[in-house]
Amino acid sequence: MDDKLMLMIPGPTPVPEQVLLAMAKHPIGHRSGDFNKIMAEVTEGLKWLHQTQNDVLVLASSGTGAMEAGIINFLSPGDRVLVGNNGKFGERWGEVCEAYGLTVQAITAEWGKPLDPEQFRAALEADTNKEIRAVIITHSETSTGVLNDLEAINRHVKAHGQALMIVDAVTSLGAVNVPIDEWGLDVVASGSQKGYMLPPGLGFVSVSAKAWDAYKTAKLPRFYLDLGKYRKDAAKNSTPFTPPVNLFFGLQAALRIMKAEGLENIFARHQRQMQATRAAMRACDLPLFAPDEAASPAITAVMPQSVDAEQIRSAMRKRFDIALAGGQDHLKGKIFRVGHLGFVSDRDILTAIAALEATLQDLGHQTFTSGAGVAAAAKVLIG
Ligand SMILES: *Cc1c(COP(=O)(O)O)cnc(C)c1O
């Protein structure tokens, strides 16, 4: 039953039928009035989703392309940057910066723990010559299910005054409140296959006026990802290079669906599903990897003790056609991750938990009462 595959991974995420149908058309010319109209609508919709008046530019790339664009447009070789690293994606930020010859000062936390805002405060206050050009963090660290305290870290960046705040919001945008203008976030990167309810292929970068100032003097090489080109053409409802036009059809449909639901409802749904998933894991005697106070609304990482995480994943896939994510690097085989990001309904959560209970029983995990996980999730979902 191929069509029943249920994606409960943190990207690619499920795509609504309305979005799939919107994309199932012949491409149109991107230098046409029809495309200009779509571009105008999605540009406005993206600003709504990002809660910003800043430019939100669309790239034909994965999320990492948006991250790379967020670095190369605003910094110069040798620039000092503070990079938060408490998981695979924080590590990636460091790798991008090092690939471009930036001077990286890492602020780390153990995988599964949030970054400590105090360490950012200390490093920024110690920088009396204002040499730190940017503070770069991952908001929702997908590899561990940790939500970093962006608001607190950003407050210290604002107190510093000079540094740009550059954020990977790939699994937080469209899942939890990221008020770009209210907080003054300078560069925010995201990707279509996460909270956007779209297939992979589009990267998004929002850019503040302060970041555009830095752009003027930034000296890293750039061409395809030169955001100035995208801004110039976006002003004419166009793009500098051939965009994946069918993904733009999908983006238009997805943004309409999101607007109809409303930001508050979208955030509340992710919050509720995260809490239901966590309650269910507890009831099934499965330890949670991230602490309650720093739990990502997009993804829940679980560290089973008496059963093997990979065995659970493989049984869920084989028996129930439910795809869960595994652990990355040293967490491979130790954790599994349940994505509840984007086009996920409460019913999906109940289904996944029920299937997980059946799988656990099959694998001999005896330390919970049958039905307890579903009951715990239902209690949160129904309230
Ligand atoms: C998915 C993801 C990315 C982007 O990965 P791509 O494979 O390049 O789309 C970046 N950061 C986080 C936190 C992610 O979850």
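Residues numbered from 1 in each chain as written. Predicted model: local features only at pLDDT ≥ 70, side-chain atom pairs only at ≥ 80, totals over all residues. Heavy atoms only, no water.

## Comments concerning the pairing of strand S10 (residues 202–207)
The following threshold applies: Working definition: with a 1.4 Å probe on protein chains only, accessible area under 20% of the residue-type maximum means buried, over 50% means exposed, and in between means partly exposed. Strands here mean DSSP runs of E at least two residues long; helices mean DSSP runs of H or I at least four residues long; both are numbered from the N terminus. Only strands joined by at least two bridges in the DSSP assignment are considered to pair.
With respect to burial, S10 is a largely interior element, six of its six residues being buried. Covered by surrounding structure in S10 are Leu202, Phe204 and Ser206 together with Gly203, Val205 and Val207, the residues of both alternating faces. Sheet analysis places strand S2 (residues 55–60) next to S10, joined by six bridges and oriented antiparallel. The residue of S10 that forms the bridge with Val56 is Ser206. Where strand S9 (residues 187–191) lies against S10, five bridges are found, and the strand directions are antiparallel. Bridge pairing in S10 places Val188 opposite Ser206.

## Thoughts on the domain arrangement of the protein
A common measure of how large an interface is: the accessible area buried when the components associate. The line we're drawing: Residue ranges assigned to each domain were obtained from an automatic or database domain assignment. By buried area we mean the combined loss of accessible area, with a 1.4 Å probe, across both parts when two parts are placed together. By definition here, a salt bridge exists when the distance from a side-chain nitrogen of Lys or Arg to a carboxyl oxygen of Asp or Glu is within 4 Å. For the purposes of these results, a polar contact is taken to be a pair of N or O atoms within 3.5 Å, where, inside protein, one atom must be able to donate a hydrogen and its partner to accept one; residues adjacent in sequence count only when each atom of the pair is a side-chain atom. Charged residues are taken to be Asp, Glu, Lys and Arg, nonpolar residues to be Ala, Val, Leu, Ile, Met, Phe, Trp, Tyr, Cys and Pro, and polar residues to be all remaining types, Gly included.
Segmenting the protein into domains produces domain 1 (17–260) and domain 2 (262–382). Taken over C-alpha atoms, the centre of domain 1 sits 28 Å from the centre of domain 2. For domain 1, the biggest contributors to the area lost against domain 2 are Trp111, Gly145 and Ala175; these three give 24% of the whole. Taken together, the links from domain 1 to domain 2 amount to one salt bridge. Lys88 serves as the salt-bridge partner of Asp329, at 3.0 Å between the closest nitrogen and oxygen. Where domain 1 meets domain 2, there are seven residue pairs in polar contact (both at pLDDT 80 or more). Secondary structure elements with two or more residues in the side of domain 1 that touches domain 2: helix H2 (33–50), helix H4 (88–99), strand S7 (146–147) and helix H10 (245–261). Considered class by class, the residues forming the side of domain 1 that touches domain 2 number 12 nonpolar, 11 polar and four charged.

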